[in-house]
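Given next are the chains, with one letter for each unit.
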Amino acid sequence: MAQLYYKYGTMNSGKSIEILKVAHNYEEQGKPVVIMTSALDTRDGLGVVSSRIGMKRNAIPISDDLNVFSYIADLDIKPYCVLIDEAQFLTKRNVYDLAKVVDELDVPVMAFGLKNDFRNELFEGSQHLLLMADKIEEIKTICQYCSKKATMVLRTAQGKPVYQGEQIQIGGNETYIPVCRKHYFNPEL
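## Structural notes on the overall build of the protein
1) Next: Across its full length, the protein carries five helices and 11 strands.
2) Next: In terms of overall size, the protein behaves like a compact globule, its C-alpha atoms giving a radius of gyration of 17 Å where 189 residues would be expected to give roughly 16 Å.
3) Next: The principal-axis extent of the C-alpha atoms belonging to the protein is close to 55 × 30 × 30 Å.
4) Next: Of all intrachain contacts in the protein linking residues separated by at least 6 positions in sequence, the fraction that spans at least 24 positions is 74%.
5) Next: Accessible area for the protein stands at about 9800 Å²; split by element, carbon and sulfur atoms hold 48% of it.
6) Next: Looking at the protein, you have 22 positive and 24 negative side-chain charges, and the mean spots of the two groups are 8 Å apart.

So this is what it looks like as C-alpha cells:
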C-alpha cells in the first residue's frame, strides 16, 4: 500500500543526496521513478536536483500551475515511486495532488524539504505535508557552531544573521547555516 512520506531536515542534512540514492536503488532494480523538484530552485538550472557533494540529476520542475496528479497519471509507464526535492516550496494544491497520487494511483511519494524558514515559520509546502503525510521523518545534521542537532536555518548576509525579509531567497552555504536553537538566537556565542 503506497504512502506519502515527508522527510525534512535543515540545510546540509543530505536531503538531495537521499533522493538521488533512492532513485539509484529503484533504477538499479529496473524500477522506474519520477524525480521532481520545485521550479523555484534554479541554482543549477530549472528542473535539476543537485547535491552539495556534486551529484545531480534532471527532474520535472513543479510550478504553481502543474497538475502533479495528472502528470503522473498520464505517464505511459507507472512509476514505482515519485521523489520530490525542495518540497517546502510546493503549494497546498501541489501537496494535495501528491496525496491523490498515493491514494488513487497507489504510487508511493517521498517528499524532501525544509520544515521551517529562516524566520522559524513553516513554508506552505511543509505545513501541508506535515498535515497530510502518512509518515514523517527528520533527517538530522549538526549545528555549525556546536555538536547539538540543528533544527533551524539561519540566514546570513555579509556574515551577519538576518531575521526579517522575504520568506523565499534561493541560496546555499553562502546564505544559510544549519543551527541549533541556542545558536539561532545567539550565533556569536
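Additional details are given in the paragraphs that follow.
## Observations concerning the pattern of salt bridges
1) Next: For the structure on display, the rule yields seven salt bridges.
2) Next: For R119, the salt bridge goes to D117, with nearest N and O atoms at 3.2 Å.
3) Next: Via salt bridges that share partners, D117, R119 and E121 belong to a single interconnected network.

## Digging into helix α3 (residues 92-105)
1) Next: Between its first and last C-alpha, α3 extends 19 Å over 14 residues, near the 20 Å set by a 1.5 Å rise per residue.
2) Next: Residues of α3 that are buried: N94, V95, D97, L98, A99, V101 and V102.
3) Next: On its buried face, α3 is in contact with β1 (4-8), β5 (60-62), α2 (68-73), β6 (81-85), β7 (109-113) and α4 (124-132).

## Quick look at the nonpolar core
1) Next: If you look at the biggest cluster of nonpolar residues, it comprises 25 residues, and the most contacted ones within it are L4, M36, V82, I84 and V109.
2) Next: Those elements that provide at least two residues to this core are β1, β2 (33-38), α2, β6, α3 and β7.
3) Next: Of the residues forming this core, the biggest block, five residues, is contributed by α3.
4) Next: Beyond its immediate chain neighbours, meaning those up to four positions away, V109 contacts Q3, L4, Y5, V82, I84, L98, V101 and V102.
5) Next: Counting 13 residues, the second-largest nonpolar core is a separate cluster that includes I35, M110, F112 and I139.

## Regarding the pairing of β1
1) Next: Along β1, four of the five residues are buried, which leaves the element largely enclosed by surrounding structure.
2) Next: Note: β1 against β7, five bridges, orientation parallel. From the neighbouring strand, L4 faces β7, where its bridge partner is V109.
3) Next: For β1 and strand β8 (residues 135-138), the ladder comprises four bridges, and the chain directions are parallel.

## Re the state of the cysteines
1) Next: Applying the stated criterion to the full structure yields zero disulfides.
2) Next: Unpaired in terms of disulfides, C143 finds its nearest cysteine sulfur in C180, a separation of 3.8 Å.
3) Next: Assessed through its relative accessible area of 3%, C143 is described here as buried.

## Quick look at unusual backbone geometry
1) Next: Here the phi dihedral of N12 falls at roughly 70°; this positive angle occurs in a residue that is not glycine.
2) Next: Relative to the elements of secondary structure, N12 occurs in the loop between β1 and α1 (15-28).
3) Next: Using a relative accessible area of 34% as the deciding quantity, one classes N12 as partly exposed.
4) Next: The backbone of D106 sits at a positive phi, close to 60°, despite the residue not being glycine.
5) Next: By the element assignment, D106 lies in the loop between α3 and β7.

Criteria and cut-off values
- Residues numbered from 1 in each chain as written.
- Predicted model: local features only at pLDDT ≥ 70, side-chain atom pairs only at ≥ 80, totals over all residues.
- Heavy atoms only, no water.
- Helix = DSSP H or I, 4+ residues; strand = E, 2+ residues; numbered from the N terminus.
- Rg over C-alpha atoms; globule rule 2.2 N^0.38 Å.
- Contact = heavy atoms within 4.5 Å.
- Areas by Shrake-Rupley, 256 points an atom, 1.4 Å probe, with all protein chains shown as cover.
- Lys, Arg positive; Asp, Glu negative; His and termini not counted.
- Charge placed at Lys NZ, Arg CZ, Asp CG, Glu CD.
- Salt bridge = Lys/Arg side-chain N within 4 Å of Asp/Glu carboxyl O.
- Expected span 1.5 Å × (residues − 1).
- Buried < 20%, exposed > 50% of the residue type's maximum accessible area, 1.4 Å probe, protein only.
- Core = buried A, V, L, I, M, F, W, Y, C linked by side-chain atoms within 4.5 Å.
- Pairing = 2+ DSSP bridges.
- Disulfide = S-S within 2.5 Å.

Note that all results are geometric; they support no functional claim without further evidence.
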